[in-house]
Each structure stands twice: as C-alpha cells, then as structure tokens.
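Listed below, chain by chain, are the residues.
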Amino acid sequence: MTMLEPKERYYTVKEAAKLLKVSPGRVHQLICWGKLPSIKIGPLRLILEKPLKEFAAKERKVGRPKSRF
C-alpha cells in the first residue's frame, strides 16, 4: 500500500490540467501512456508535484501528432 508523504504536494487531474494548460482528458491520456506518474486513491487520481513540474518544463510540440501512415 502506498503511503502519502504529508510534506509533498499532490495535484488533482483538474489542477494538473490547469497548470499544463491542457484538458483533464489529456492529463488522463498522459497518465495512461506512462508519461505522467500518478496514484489513485478512491475516485481521485493524484499527481506528485515534482514529476508534474518536470513534465511542464519539457518543451512540447504544438498541435496533433503526424499520422504514421
């Protein structure tokens, strides 16, 4: 069982979406793809502050990814 560290800040999906300037659905996609680590407690999905800030600092391409075909 994962124990939450009280001195660390956690963000909800909604808060993370606001910080990253994307939709909550996109945050769920990033979690699903393994690009953003998270923990689930009941109905809540929580994201640790450090990995979220690191992901936000990375340069990302704008727009849709190109099709593979």
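A few points on the structure. (Residues numbered from 1 in each chain as written. Predicted model: local features only at pLDDT ≥ 70, side-chain atom pairs only at ≥ 80, totals over all residues. Heavy atoms only, no water.)

1. Structural notes on the packing of helix H1 (residues 13–20) against helix H3 (residues 49–57)
Line of reasoning, step 1. Where H1 contacts H3, the two axes come as close as 10 Å, and the packing angle between them is 25 degrees. One way to sum up the angle between H1 and H3 is to call them roughly parallel. Pair H1 / H3 crosses with right-handed handedness. Along its contact with H1, which presents Ala16, Leu19 and Leu20, the element H3 presents Leu52, Lys53, Phe55 and Ala56.
Line of reasoning, step 2. Considering only residue class, the contact of H1 with H3 consists of six nonpolar, no polar and one charged. (Axes fitted to C-alpha atoms, helices over the stretch in contact; angles between N-to-C directions. Helix = DSSP H or I, 4+ residues; strand = E, 2+ residues; numbered from the N terminus. Parallel < 35°, antiparallel > 145°, perpendicular 65-115°, else oblique. Left-handed = near helix turned anticlockwise from the far one by under 90°. Contact = heavy atoms within 4.5 Å. Nonpolar A, V, L, I, M, F, W, Y, C, P; charged D, E, K, R; others polar.)

2. Topic: the environment of Ser23
Line of reasoning, step 1. Looking at the element boundaries, Ser23 is found in the loop between H1 and helix H2 (24–32).
Line of reasoning, step 2. Sequence spacing of Ser23 and Val13 is ten residues, and the spatial spacing of their C-alpha atoms is 9.1 Å.

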